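# Architecture at a glance
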Amino acid sequence: MSLMVSAIGQGLLWAVLGVGLFLTFRILDFADMTVEGTFPLGAATCVAAISNGMSPIVATLLAFIVGSLAGLITGLLYTKGHIPILLAGILVMTACYSVNLRIMGRANVSLLGKATLFKNHFLEGLPQYFDSVFLGTLVMVVVTGIVIYFLQTQLGQGFIATGDNQTMARSLGINTDNMKIMGLMVSNGLIAFGGALVAQNNGYADVNMGIGIIVIALASIIIGEVAFGDLTLNQRLVAVTLGSILYRFVLLIVLKLGFNANDLNLLSAIVLALCMMLPVFKQAFNFKHILKRGLDTND
Amino acid sequence: MTKPLLQLKDVVLKVNRHTPEEIKILDHLNLTINAGDFITVLGSNGAGKSTLFNAIGGDLTIDSGQILLNGRDIAHDSVEKRTRFLSRVFQDPKLGTAPRMTVAENLLLAERRGQRRGLMPRRLNKQLAHFKEITATMHNGLDQRLTTATGNLSGGQRQALSFLMATLKRPELLLLDEHTAALDPQTSQDLMHLTNERVQDQNLTCLMITHHLEDALTYGNRLIVLHHGQITFDVAGAEKAALTTEKLYSFFAEIE
């Protein structure tokens, strides 16, 4: 039971990565590799700030700002420097590695004995693992709510149109460069925010904690979509959180099967690849047709 | 007395700049568009018709000359800024609409063409009745599909929607780049009729590229021919009305 609660809590804490990546991967329609650098960047910023006596809330918000600055650089390289987005992301991700080491001073910094978002009377009074469930739920309700509101504004509609049809967006007077930069900033801000949450939950920041982050964030998006099928945009954003929780359950099952934590990146990649190939399998094996036939008793 | 809305003065636009393959696509081109003109644009492939549109729209920067809108030089304004006075319909139905957004959402985007977009809610529901009314004027079932993603519409419906979006907020200048060319003959004719109706009703100033000589003769009050980046033929009014396809063909034979 406590394993289940732990998985739900982890799923909720990591879900903010999925929502962040959704803005670029699903709406702007490109894969932003920057996130592999901004996740540890957020963690490093937050841990360093707390170590220097800053309050955990301010430190977490600072992580968001620093992350969005990294997104700004990727956005400028991409739109003004005309560097392909994949490469622009890889450049900033690589640069972040050095920046993270500078911020932390060494490869791994512990928060042992320091204040964190999780160390207050209320959260510590909850049963084990319920602290991350509570905080994760709170964060996801607020973040998802803001994103849903934004996408329904005039600006948000222009943002969606940019990812959907750039030529049309420009011909309607939407500054598509600014929309892409804005998307990359908010997206990476949210990823860094997620990094700050995870670092405080784990009790440390590590310079290598960004490896495979894009796969984890994509997994929550794709698993959410595969599990819930045809959804509206707003529902899909909520499904990201549920997808993130489901992904943690998948990991839980895999670990129970005897794999260990070192295998997680390999397993994550396999799970994501399988989910992304599902439409191909569906067509090849005609799942729906077979299922329907099995249910039909009349013929 | 009609006044000039847009003037192109001595416009030069080159491609492959500073290379041995440098070509002048627009070669010291002069054109004055008066308010209320409905001009059909003819010319062979490579004559510079689309380049002319891209120079007016701002997708391509001109090398020299002036583009004056009501007397003000806009040659260095961005594409986004020019959309305040300009709207366009492209040949490819896919270019004019956002495929994953619904018909109503696309119309809502078009309604704010060239205006600031802020953090105010979009208020889609308030507009639905209005959108239903205006899409019904297209007589192609678009009004029944307001909540359909435009990617699921037929090419004809998509192009009719693109045209409707371009005229929803009245443009000072409307550029139609072979906007009926990708459609089947009947749909193409329907959209052409509708285009003419709307241009007349709203007294729009419009440039229309076409390869249909009949359309070029039937519609509009003025006809121009582009050849090697210059305007080689420009007739209006009664003179245009007296033109026939035969006369045009013989003219084309002459300049080739």
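In case you missed it, the structure is sitting above this.
In this text, all values refer to a predicted model and were calculated from it rather than measured experimentally.

### A word on the overall build of chain B
- Looking only at helices and strands, chain B features nine helices and 10 strands.
- Whereas a compact globule of 256 residues would reach a radius of gyration of roughly 18 Å, chain B reaches 19 Å, a difference of no more than 12%.
- Taken along its principal axes, the extent of the C-alpha atoms in chain B is 55 × 40 × 40 Å.
- Residue burial in chain B is summarised as follows: out of 256 residues, 39% are buried.
- For chain B, the proportion of contacts with a sequence separation of at least 24, taken over those separated by at least 6, is 68%.

### Here's the deal with the pairing of strand S6 (residues 86-89) of chain B
Residue and element names in this part refer to chain B.
- Because side chains alternate across S6, one face comprises the buried residues Leu86 and Arg88, and the other comprises Ser87 and Val89, equally buried.
- In the sheet, S6 pairs with strand S7 (residues 173-177) via four bridges, with the strands oriented parallel. Within S7, the position partnered with leucine 86 by the bridge is leucine 173.

### A look at the interface of chain B and chain A
- Contacts between the two partners involve 26 residues from chain B, matched on the other side by 18 residues from chain A.
- Elements supplying a minimum of two residues to the side of chain B that touches chain A: helix H2 (79-82) and helix H3 (103-111) of chain B.
- If one sorts the elements of the side of chain B that touches chain A by residue count, H3(B) sits on top with four residues.
- Residue composition of the side of chain B that touches chain A, by class: 11 nonpolar, six polar and nine charged.

### Let's talk about the environment of B:Phe85
All names here are of chain B.
- Summarising the element assignment, phenylalanine 85 is placed in the loop between H2 and S6.
- A count of 19 C-beta atoms within 10 Å places phenylalanine 85 in the partly exposed class.
- Each C-alpha atom, one on phenylalanine 85 and one on glutamate 172, is 5.0 Å from the other, the two residues being 87 residues apart in sequence.
- Those residues within four positions of phenylalanine 85 in sequence are excluded, and the remaining contacts are Leu69, Pro171, Glu172 and Leu173.

### Focus on the sheet that holds strand S8 (residues 206-209) of chain B
All names here are of chain B.
- An order of S6-S7-S8-S3-S9-S10 is seen for the six strands of this open sheet, with the pairing classed as mixed. Edge positions in the sheet fall to S6 and strand S10 (230-236), since each of these pairs with one other strand and no more. The sheet shows a mean angle of 20 degrees between the axes of neighbouring strands, taken without regard to direction.
- Contacting strand S3 (38-42), S6, S7, S8 and strand S9 (222-227), helix H1 (residues 49-57) runs over the sheet at an angle of about 150 degrees to S7.

### Let's talk about the packing of helix H2 (residues 35-51) of chain A against helix H10 (residues 213-228) of chain A
Residue and element names in this part refer to chain A.
- Two elements in contact, H2 and H10, have axes whose closest approach is 8 Å; the angle formed by their N-to-C orientations is 100 degrees. The orientation of H2 with respect to H10, classified from their angle, is roughly perpendicular. Here Val35, Glu36 and Phe39 of H2 lie close against H10, whose contacting residues are Ile213, Ile214 and Ala217.
- In terms of residue class, the contact of H2 with H10 is made up of five nonpolar, no polar and one charged.

How each quantity is defined
Within each chain, residues carry numbers counting from 1 in the order of the written sequence. Whichever chain is written first becomes A and whichever ligand is written first becomes 1, with later ones labelled in order. With pLDDT at 70 or above as the cut-off, local features in this predicted model cover only qualifying residues; side-chain atom pairs require 80 or more to be listed or tallied, and sums for whole chains, interfaces and linings still use all residues. Strands here are runs of E lasting at least two residues and helices are runs of H or I lasting at least four, both read from the DSSP assignment and numbered beginning at the N terminus. With the radius of gyration taken over C-alpha atoms, the globule rule is written as 2.2 Å times the number of residues to the power 0.38. Once C-beta atoms are placed from the backbone, each residue is buried if 20 or more other C-beta atoms lie within 10 Å of its own, exposed if 12 or fewer, and partly exposed for counts between those two. Here the contact rule is simple: place C-beta atoms from the backbone, and any two residues whose C-beta atoms are within 7 Å are in contact. Strands are labelled as partners when DSSP assigns at least two bridges between them. We call Asp, Glu, Lys and Arg charged. Ala, Val, Leu, Ile, Met, Phe, Trp, Tyr, Cys and Pro are nonpolar, and the rest, Gly among them, are polar. Geometry is summarised by axes, namely lines fitted to C-alpha atoms with helices restricted to the contacting stretch, and by angles between N-to-C directions that run from 0 to 180 degrees. For classification purposes, angles smaller than 35 degrees are called roughly parallel, those larger than 145 roughly antiparallel, those between 65 and 115 roughly perpendicular, and all remaining angles oblique.

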